[in-house]
Amino acid sequence: MPTIHLQQATTATPEQFLAGLTDFGPGRSELFGNSADESLKVHDQGLEYADVTEGSHGIWERLHYDWSDPNRVTIRTTDSNVWGRASGHTYTFTRQPNGRTDVDAVVVREGKNLKGRVLAIVVGTVGKGVLQKAFAKTVKSIEGRNDGPSDPSVSTSG
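No experiment lies behind these values; they were computed from the predicted model shown.

Undergrad: Can you walk me through the packing of helix α1 (residues 14-21) against helix α4 (residues 127-145) in this structure?
TA: Any two packed helices are characterised by the angle at which their axes cross and by the distance between the axes. Orientation of α1 relative to α4, taken along the N-to-C sense of each, is 110°, at an axis distance of 10 Å. In terms of orientation, α1 lies roughly perpendicular with respect to α4. For the crossing formed where α1 meets α4, the hand is right-handed. Where α1 approaches α4, its residues Gln-16, Phe-17, Ala-19 and Gly-20 are matched on the opposing element by Phe-135, Thr-138, Val-139, Ile-142 and Arg-145. Class assignment for the residues of the contact of α1 with α4 results in five nonpolar, three polar and one charged.

Rendered as structure tokens:
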């Protein structure tokens, strides 16, 4: 069962990154390429959790998002056409003294059938580079949502 570790620094705050991860509205596919808007369905959502089905390219999974810890989001697969229940994602945010945030992402993929097992092998070998590029794109997109002065001493009023 492949476990992929990804890490990147960002100008987004943990709160801004969390807001991007938990925005299940239209345009989600701009942040997450493997989450096609037409496949997105929010089954239930509360202040610190969501039950969501998302996917693309014939692969879907129902996910339980938990952001009760503001510095950590766990996303667990509860159903999928290819991924087993040990699959999921964990994002951990570490605020740095320079104002940046380190984002650590862990992706676990357990194939539950032949297609899933083959995809898990691909993810575990050549897939890390693909996931790293997708993660970098997500980070850049979340930063783009929050463009503007990051220094609170900089005034935007004239």
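Undergrad: I tried to follow the sheet that holds strand β2 (residues 41-45) on my own but got confused; where do I start?
TA: One open sheet accounts for seven strands, arranged β1-β7-β6-β5-β4-β3-β2; its pairing is antiparallel. Of all strands in the sheet, those with a lone pairing partner are β1 (3-10) and β2, marking the two edges. Direction aside, neighbouring strands of the sheet carry axes that sit 20° apart on average. Looking at chain direction, β1 and strand β7 (residues 101-108) are connected through eight bridges and run antiparallel. Residue Thr-10 lies in a different strand from β7, and its bridge partner there is Thr-101. Together, β1, β4 (59-69), β5 (72-80), β6 (88-95) and β7 form the strand contacts of α1, whose direction differs from that of β6 by roughly 160°.

The rules behind these values
Residues numbered from 1 in each chain as written. Predicted model: local features only at pLDDT ≥ 70, side-chain atom pairs only at ≥ 80, totals over all residues. Heavy atoms only, no water. Axes fitted to C-alpha atoms, helices over the stretch in contact; angles between N-to-C directions. Helix = DSSP H or I, 4+ residues; strand = E, 2+ residues; numbered from the N terminus. Parallel < 35°, antiparallel > 145°, perpendicular 65-115°, else oblique. Left-handed = near helix turned anticlockwise from the far one by under 90°. Contact = heavy atoms within 4.5 Å. Nonpolar A, V, L, I, M, F, W, Y, C, P; charged D, E, K, R; others polar. Pairing = 2+ DSSP bridges.

Geometric descriptors of this kind do not, in isolation, establish any biological role.
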